[in-house]
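Results of the structural survey
As a plain string of letters, each chain reads:
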Amino acid sequence: MRNLTYRMIYKAGGAKHFCNSESCEHFSLNVEEKDNVLSIAINPKCPISFEKFDIIMPYIYGNNDKIFVNGYQSWTDSMEYEPNWQMKELSRSTEFYIMHSFGKSMGLSKSGDGNFWKFPKKGFFYGWSYGYVRNGNNVNIFGTLTEKYGYTVVSFDCNNNQVIISKELEGVTYTEGSKLLELAFVSGEYDNAFDEYFKLIGTTCRETKKRKGYTTWYNYYNNINESIVNRDLTSIVNQDVKFDCFQIDDGCQQAIGDWLITDKNKFPNGMKAIADNIHQSGMLAGLWLAPLAGVPSSEIFKNHPDWFIKDKKGNLYKTGHNWGSFYSIDIYNKEAREYIRHCFDVVLNDWGYDFVKLDFLYGACVLPMHNKSRGEIMTDAMDFIRECVGNKMILGCGVPMFPAFGKVDYCRIGADITENWVNKNTIREYCSNPHATSNAIFRRHLDGRAWMNDPDVFFLREENMKMTFEQRKLIAEINSTFGSLLFISDDI
């Protein structure tokens, strides 16, 4: 990693400045390289904030190279490209709808990076935290060792034969010395290289078991009740195949955000009784939560709007369009943290659930705040969530990838599956079977290293289904080959 050049735009003294060297008028960089790890720290002479921070390395791309770029979060499409391809891009009309006016006000653009990072031109590919160039079975990996200093964007510029490492540092003003980057370069055979990369990160997989189970979501969605759950639970017990897990998905709480207020009309005996029934059936009990989310109709939002993220003007900031739009908790609010901690304590210890599926976690870092970048916020959020859950298991979902490495036991690595096989020309995180199966293949290197991969469900049923048998069989085979959490979601 030599012959580095820099491209920096920063603000100091109320003015914008440009710099392309390790030493500038208002700061200097301390650059160290050891054992293929590059470390960079800043020593500011006055308050500094960056609009752009790029490190540029020369790299010669071959015609047979394949370039992998990692999508922003669990659902984001992630794949290998050829040097002369172009990354998938929204149509201009779709982009306008999502990023402006009504779409933006509803939070349609918040689950991915479209709000703060731009799609590139042909021959230019970017991803988050790490990426690689593959030739045959050998790869060159460029990857961060931590995101607690801010997200790292790895870009491959095939037009100019460069690799560009960018730091996403919006919202941070540096007044004292601080680390900015720790980047590793690892080269070798695919599996050996990823083993070495995760060794450098210092991450180990919390869970090692491949499990199979059932989730209520993809047949009933949130239209579940105690009768349906107990009926399917009994039916599973009567099958010849042993299931390891039974997970209750969205639909048991009174409102999104009110995780301890169960809908008594749907679950009159409460959620502890359901967990007890699952345990009596010889399976682990799982419960879906979106612990940072709250809708306007929830008690938590009505009583504590001050707990939720606000923009620079002090206005509440919508973080997603689901459930008619929702908001996300500011994880640095002390009262909110205690509420989240209490929710996990009740669900895991009083109700007795063995694992929680935690969804829409990206909401923690939709905006930089408290002089912290998005990457630092998401890292803090995952540290806090793991602390709350303790030794119980987490199935992560809708979460930016690197901050969750080693913090969750299982993790979704692709988009939601649907009942039909169609591409979606909307945001890159939208439900799509082609994206989900592609991600299961191209993110296979995370399985057993960062966590155990959850490729989402496969379908057995003929009813309520628009896919052919061959399409359903393909999903099942891909999930079984590359995944470690094999769930179905049918009327048993």
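Residues numbered from 1 in each chain as written. Predicted model: local features only at pLDDT ≥ 70, side-chain atom pairs only at ≥ 80, totals over all residues. Heavy atoms only, no water.

**Regarding the overall build of the protein**
- The number of helices and strands found in the protein is twelve helices and 24 strands.
- The C-alpha radius of gyration computed for the protein amounts to 23 Å, which stays within 12% of the reference 23 Å derived for 492 residues, consistent with globular compactness.
- Viewed in the frame of its principal axes, the protein has a C-alpha envelope of about 70 × 50 × 45 Å.
- Counting all 492 residues of the protein, 60% fall into the buried class. (Helix = DSSP H or I, 4+ residues; strand = E, 2+ residues; numbered from the N terminus. Rg over C-alpha atoms; globule rule 2.2 N^0.38 Å. Buried < 20%, exposed > 50% of the residue type's maximum accessible area, 1.4 Å probe, protein only.)

**Considerations on the sheet that holds strand β16 (residues 284-289)**
- With parallel pairing, eight strands are arranged side by side in an open sheet as β23-β22-β21-β20-β16-β15-β14-β24. Each having just a single partner strand, β23 (452-454) and β24 (485-488) make up the two edges of the open sheet. Strand-to-strand twist of the sheet, defined as the mean angle between neighbouring strand axes without regard to direction, takes the value 25 degrees.
- Summarising the sheet, strand β14 (residues 211-215) and strand β15 (residues 245-248) pair through three bridges and their orientation is parallel. Counterpart to Y214 in the pairing with β15 is F246.
- Where helix α5 (residues 226-237) meets the sheet, it contacts β14 and β15, and its direction lies at approximately 170 degrees from that of β15.
- Contacts from helix α9 (residues 374-389) reach β20 (355-358) and β21 (393-396), with the element oriented near 145 degrees to β21. (Pairing = 2+ DSSP bridges. Axes fitted to C-alpha atoms, helices over the stretch in contact; angles between N-to-C directions. Contact = heavy atoms within 4.5 Å.)

**Quick notes on the state of the cysteines**
- In total, this model carries one disulfide according to the counting rule given.
- Disulfide partner of C19: C24, at an S-S distance of 1.6 Å. Disulfide C19-C24: the torsion about the S-S bond is -65 degrees, which places it as left-handed.
- You can see C252 has no disulfide; the closest cysteine sulfur is in C343, sitting 12 Å from it.
- A disulfide-free cysteine, C397 has its sulfur positioned 7.2 Å from the sulfur of C411, the nearest such atom. (Disulfide = S-S within 2.5 Å.)

**Focus on unusual backbone geometry**
- Phi is positive for N36, which is not a glycine, with a value near 65 degrees.
- Summarising the element assignment, N36 is placed in the loop between β3 (27-34) and β4 (37-44).
- Looking at N36, the relative accessible area reads 40%, which means it is partly exposed.
- Its identity as a non-glycine residue notwithstanding, N371 has a phi of 60 degrees, on the positive side.

**As for the environment of L292**
- Along the chain, L292 falls in the loop between β16 and β17 (293-294).
- For L292, a relative accessible area of 1% corresponds to the buried category.
- Separated by 138 residues in the primary sequence, L292 and V154 have C-alpha atoms spaced 28 Å apart.
- Beyond its immediate chain neighbours, meaning those up to four positions away, L292 contacts F308, Y327, S328, I329, I331, I340, L361 and A364.

**Details of the packing of aromatic side chains**
- Per the counting criterion, the structure on display carries 43 aromatic pairs.
- Between F27 and F50 the ring centres are 5.5 Å apart and the planes differ by 75 degrees, which places this aromatic pair in the edge-to-face class. With F27 in strand β3 and F50 in strand β5 (residues 49-58), this residue pair connects regions lying 23 residues apart in the sequence.
- An angle of 65 degrees between the planes, with centres 5.7 Å apart, marks the rings of F116 and W128 as edge-to-face. Linking F116 in the loop between α2 (101-105) and β8 (124-128) with W128 in strand β8, this pair joins segments that are twelve residues apart in sequence. Take F116 and W128: they sit in the same class, and that class is buried.
- Three or more aromatic residues joined by ring pairs form one cluster here, namely F68, Y130, Y132, Y190, F194, Y197, F198, F402, F405 and W451.
- Between K110 and the ring centre of Y317, over which it is positioned, the NZ or CZ distance is 4.0 Å. (Phe/Tyr/Trp six-rings, centres within 6.5 Å; stacked < 30°, edge-to-face > 60°. Lys NZ or Arg CZ within 6 Å of the ring centre and 35° of its normal.)

**Thoughts on the sheet that holds β17**
- Taken in spatial order, the three strands make up an open sheet running β17-β19-β18, and their pairing is antiparallel. The two strands at the open ends of the sheet, each matched to only one other strand, are β17 and β18 (318-320).

**Structural notes on the packing of α5 against helix α6 (residues 270-280)**
- Relative to each other, α5 and α6 sit at 5 degrees, their axes nearing to 11 Å. Taken together, the axes of α5 and α6 are roughly parallel relative to one another. In this structure, α5 contributes E226, V229, N230 and L233 to the contact, and α6 contributes G270, I274, N277 and I278.
- Residue classes in the contact of α5 with α6 are distributed as four nonpolar, three polar and one charged. (Parallel < 35°, antiparallel > 145°, perpendicular 65-115°, else oblique. Nonpolar A, V, L, I, M, F, W, Y, C, P; charged D, E, K, R; others polar.)

**Side note on the side chain of D409**
- Tracing the chain through its elements places D409 in the loop between α10 (401-404) and β22 (410-412).
- Within the structure, the side chain of D409 is placed 3.2 Å from the side chain of R206, a separation counted as a polar contact.
- Reaching out from D409, the side chain makes a polar contact with the backbone nitrogen of I394 at a distance of 2.8 Å.
- In this structure D409 touches R206, E207, R386, K392, M393, I394, W451 and M452, once residues within four positions along its chain are discounted. (Polar contact = N/O pair within 3.5 Å; in protein donor to acceptor, adjacent residues only side chain to side chain.)

**A closer look at the pattern of salt bridges**
- If you walk through the whole model with that rule in mind, you get 31 salt bridges.
- Here K242 ties to D244 by a salt bridge, and the two come within 3.8 Å at their closest N and O atoms.
- With relative accessibility at 53%, the residue K242 sits in the exposed group.
- For the salt bridge of R386 with D409, the shortest nitrogen-to-oxygen distance reads 2.9 Å. (Salt bridge = Lys/Arg side-chain N within 4 Å of Asp/Glu carboxyl O.)

**Looking at the pairing of strand β10 (residues 138-144)**
- In terms of residue burial, β10 counts as a mostly covered element, since six of its seven residues are buried.
- Note: strand β9 (residues 130-135) against β10, six bridges, orientation antiparallel. Within the sheet, the bridge partner assigned to V133 lies in β10 and is N140.
- Counted between consecutive antiparallel strands, the loop separating β9 from β10 contains two residues, among which G136 sits at a positive phi close to 65 degrees.
- In the sheet, β10 pairs with strand β13 (residues 178-189) via seven bridges, with the strands oriented antiparallel. Bridged to N138 within β13 is E189.

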